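# A look at the structure
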2 protein chains.
Amino acid sequence: MERVKRTPRGTRKRDVPLTEAGICTSALRLIDADGVEALTMRKLAAALDANPMSLYHHVPNKEALLRGVAGMVGARFRTVTLEDAPWQERMRLLATDFRTLAHRHPNLMAYSFSQPDFIQPEDPFWVALTAVLDAAGVPQSDIPQLAALVCAVVIGVMIAELNGALHRWSNLQPTTPASGEDGPTNEGFGEDRMFRLVLDTIISGMESRLTADHAGGRDGQPPQNSRRASRRIPRQLRPPAALCEGESRGNPVSDVEAGFDLKEQ
Amino acid sequence: MERVKRTPRGTRKRDVPLTEAGICTSALRLIDADGVEALTMRKLAAALDANPMSLYHHVPNKEALLRGVAGMVGARFRTVTLEDAPWQERMRLLATDFRTLAHRHPNLMAYSFSQPDFIQPEDPFWVALTAVLDAAGVPQSDIPQLAALVCAVVIGVMIAELNGALHRWSNLQPTTPASGEDGPTNEGFGEDRMFRLVLDTIISGMESRLTADHAGGRDGQPPQNSRRASRRIPRQLRPPAALCEGESRGNPVSDVEAGFDLKEQ
DNA sequence: ACCTGAACACCGTTCAAGT
DNA sequence: ACCTGAACACCGTTCAAGT
């Protein structure tokens, strides 16, 4: 009995012994086609023309397999490091490159994004992001938290983009329909533009925080008009509902004057 | 044979006929305890002391059941509408209230957030959000897209918070370990603070866009220093990799001067 | 060492049959 | 009308047995 078999369509498979890499590659192909939830050890084995149980000699279980696939494409992330460019441009480039990778395997990424261990400290994306924040002048001690927030924001927008929520929400009617017009007018609105808008917005917000930080405290004249007025308003006009862990937030009205004061002072 | 039975532990169940609401309530209890992925039609039936097949007379299938549960807790969202407060404060309050709801049922929310139809046009959260953006002076035509982005950002941070990624990322070592210190020093860093920081940052970014919009174009003196300098830099220093749909973005260097120019002009 | 068939303990769901 | 038992078509995974 020969090992090389032919599928009903005649394509040749399994002329090579099973490998973890080969299994992951085939799994990725199935995920790209039908999504993570449609991936099955049995279907994967069939695609590899192998016995379902043979997979377990190379992969401990399905969860580890998915981790392997995610790690495989995560390692494919590439970006250029423009040391001389301003940090704003580097951050935009980094986020755009990340998004490009996500667009390459949307089904896998929609799954990976909800895994807490998706980003590892050695990942080139994380390394580049912390480097950019360092170049921006963020204090060393605040870099991890701020990088985490940037990750969360960027990934949040991409989740909403990949599962179609961004598109659907964008076409929801505003509260006041104005007049009987013919449906949503945002046909050519473009997720590209929205992604760039989010980037520009958080970069603007970071810029104003960083410059306020460098200007030093509350003495400088207000830069435009209302940017700092909102900070004088008490943070919470009513007591917040209890959180899960019953944790009480230290000082309810900690007025954040400027800068990234993440640490307990 | 009586309908009221007792479980092995003696607690009484099913003294009331099956209802869709009752099924959803029981499902929510199981989800709160063990997560969505652990919910099973058979386990749910056992919790209701019913035959697994009886559920299908009140709920078409498991997917619809989960939609029903999500809709049930989504309808529980409440917020106060402070008509007189500045839009920044209203937006903060709205996001915080949303987060409070998410903390009440984290397992369900972590699932719901990845469903594209989680937010419906009639949802009080959406209505309130669009009202806030309207009060902020966002042009009517841009409100849906901007609200969608706010949703995506806020939900993204909450996903990362609920699944622990935010906490893990925050404790990743920076690239330069400085010295052999004893691990991460961010023990009391607090997701509350990080959530507020994201809110403040996007609000700051929106403020600078809105005020720049009102000031009208590029003639006004630069407000502080670098906020607008980054816009003069060409957007893309290298050609972007092809996106999924092969869609070419119109003008690669569309310099966004100010305001929310989401529409194709 | 690598593979495999049978089997186990689960799923969601259909359907014919009960009351 | 509402409920139910049996059954179907799947899962992931274990395990003893093969080569």
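Not measured: the values here are computed from a predicted model.

Looking now at the overall build of chain A. The secondary structure content of chain A amounts to nine helices and two strands. Starting at the N terminus and ending at the C terminus, chain A contains elements arranged as β-β-α-α-α-α-α-α-α-α-α. Every one of the 265 residues in chain A was classed for burial, and the buried ones make up 48%. For chain A, the exposed area adds up to about 13000 Å²; of that, 52% sits on carbon and sulfur atoms.

Here we come to the protein's contact with DNA strand C. Near DNA strand C lie 15 residues; those nearest to it are A:Ser54, A:His57, A:His58, B:Arg42 and B:Met53. Note that a phosphate oxygen of DNA strand C is positioned 2.7 Å from one of the side-chain N or O atoms of A:Ser54. One nitrogen or oxygen atom from the side chain of B:Tyr56 is found 2.9 Å from a phosphate oxygen belonging to DNA strand C. By residue number, the principal contributor to the surface near DNA strand C is helix 2 (residues 41–47) of chain B, which donates three residues. For the surface near DNA strand C, the per-class residue count stands at five nonpolar, six polar and four charged.

Below, the discussion takes up the nonpolar core. One broad rule of soluble globular proteins: the nonpolar side chains tend to lie buried together. With 137 residues, the main nonpolar core has A:Leu65, A:Trp169, B:Leu65 and B:Trp169 as its most contacted residues. Excluding residues that lie within four positions of it along the chain, A:Trp169 makes contacts with A:Ala160, B:Pro116, B:Ile119, B:Trp126, B:Pro144, B:Ala148, B:Cys151, B:Ala152 and B:Ile155.

To continue, consider the packing of helix 6 (residues 124–136) of chain A against helix 7 (residues 143–162) of chain A. The geometry of a pair of packed helices is captured by two quantities: the angle between their axes and the separation between those axes. Residues and elements named next belong to chain A. Two elements in contact, helix 6 and helix 7, have axes separated by 10 Å at closest approach and are oriented at 120°. With respect to helix 7, the axis of helix 6 lies oblique. Crossing angle aside, the handedness with which helix 6 passes helix 7 is right-handed. Touching Phe125, Trp126, Leu129, Thr130, Leu133 and Asp134 of helix 6 are Ile143, Pro144, Leu146, Ala147, Ala148, Val150 and Cys151, all from helix 7.

A probe matching the size of a water molecule, rolled over the atoms, marks out where space remains unfilled. Space inside the largest pocket adds up to approximately 1200 Å³. As for the largest pocket, its lining consists of 29 residues, and the residues nearest its centre are A:Tyr111, A:Ser114, A:Gln115, B:Tyr111 and B:Ser114. Going through the elements one at a time, helix 3 (62–74), helix 5 (106–112) and helix 7 of chain A together with helix 3 (62–74), helix 5 (106–112) and helix 7 (143–162) of chain B are the ones with two or more residues in the lining of the largest pocket. Taken together, the residues that form the lining of the largest pocket break down as 14 nonpolar, nine polar and six charged.

All names here are of chain A. Over its 15 residues, helix 1 (residues 20–34) extends 21 Å from the first C-alpha to the last, a length consistent with the 21 Å expected when each residue adds 1.5 Å. Restricting attention to buried positions, one finds in helix 1 the residues Ile23, Cys24, Ser26, Ala27, Leu28 and Ile31. On its buried face, helix 1 is in contact with helix 2 (41–47), helix 3 and helix 5.

Quick look at the UniProt feature "DNA-binding region" (unreviewed entry) in chain A now. UniProt's entry tags residues 40–59 of chain A with the feature "DNA-binding region" (unreviewed entry), counted in the numbering of this structure. Counted over residues 40–59 of chain A, helix gives 35% and strand 0%. Its end C-alpha atoms are 13 Å apart.

Attention now goes to the UniProt feature "domain: HTH tetR-type" (unreviewed entry) in chain A. Within the UniProt annotation, "domain: HTH tetR-type" (unreviewed entry) is assigned to residues 17–77 of chain A. Within residues 17–77 of chain A, the helical portion is 57% and the strand portion 0%, while the C-alpha atoms at the span's ends are 28 Å from each other.

Residues and elements named next belong to chain A. The N-to-C vectors of helix 4 (residues 87–104) and helix 7 enclose an angle of 40°; their axes lie 11 Å apart at closest approach. Where helix 4 crosses over helix 7, the two elements pack in a sense that is right-handed. Taking contact as the criterion, the partners of Met91, Ala95, Phe98, Arg99, Ala102 and His103 in helix 4 are, on helix 7, Val150, Val154, Ile155, Met158, Glu161 and Leu162. Each residue belonging to the contact of helix 4 with helix 7 can be placed in one class, and the counts come to nine nonpolar, one polar and two charged.

Our focus in this paragraph is the packing of aromatic side chains. All names here are of chain A. The full count for this structure, using the stated rule, is 12 aromatic pairs over all chains. With centroids separated by 5.6 Å and ring planes inclined at 75°, the aromatic side chains of Phe113 and Phe118 adopt a geometry described as edge-to-face. Classification of Phe113 by relative accessible area gives buried; the value is 4%. The exposure class of Phe118 is buried, given its relative accessible area of 13%. By the ring-pair criterion, three or more aromatic residues cluster together here, those being Phe77, Phe98, Phe113, Phe118 and Phe125. Over the face of the ring belonging to Phe195 we find Arg99, whose NZ or CZ atom lies 4.9 Å from the ring centre.

Non-glycine residue A:Asp49 carries a positive phi angle of around 55°. Residue A:Asp49 is classed as partly exposed on the basis of its relative accessible area of 23%.

Turning our eyes to something else, we now look at the protein's contact with DNA strand D. As a matter of local geometry, DNA strand D sits amid 16 residues, with A:Arg42, A:Met53, B:Ser54, B:His57 and B:His58 nearest to it. Take the atoms of DNA strand D that sit within 4 Å of the protein: sugar and phosphate atoms are 47% of them. Residues of the surface near DNA strand D, tallied by class, amount to five nonpolar, six polar and five charged.

Each value, and the rule that gives it
- Residues numbered from 1 in each chain as written.
- Chains lettered and ligands numbered in written order.
- Predicted model: local features only at pLDDT ≥ 70, side-chain atom pairs only at ≥ 80, totals over all residues.
- Heavy atoms only, no water.
- Helix = DSSP H or I, 4+ residues; strand = E, 2+ residues; numbered from the N terminus.
- Buried < 20%, exposed > 50% of the residue type's maximum accessible area, 1.4 Å probe, protein only.
- Areas by Shrake-Rupley, 256 points an atom, 1.4 Å probe, with all protein chains shown as cover.
- Near = heavy atom within 4 Å.
- Polar contact = N/O pair within 3.5 Å; in protein donor to acceptor, adjacent residues only side chain to side chain.
- Nonpolar A, V, L, I, M, F, W, Y, C, P; charged D, E, K, R; others polar.
- Core = buried A, V, L, I, M, F, W, Y, C linked by side-chain atoms within 4.5 Å.
- Contact = heavy atoms within 4.5 Å.
- Axes fitted to C-alpha atoms, helices over the stretch in contact; angles between N-to-C directions.
- Parallel < 35°, antiparallel > 145°, perpendicular 65-115°, else oblique.
- Left-handed = near helix turned anticlockwise from the far one by under 90°.
- 1 Å grid on protein atoms, 1.4 Å probe; cavity = no way out; pocket = protein on both sides within 12 Å on 5 of 7 lines; lining within 4 Å.
- Points joined across faces, edges and corners; volume = space filled by probe spheres on them.
- Expected span 1.5 Å × (residues − 1).
- UniProt positions renumbered as here; feature names shortened; annotations may be inferred.
- Phe/Tyr/Trp six-rings, centres within 6.5 Å; stacked < 30°, edge-to-face > 60°.
- Lys NZ or Arg CZ within 6 Å of the ring centre and 35° of its normal.

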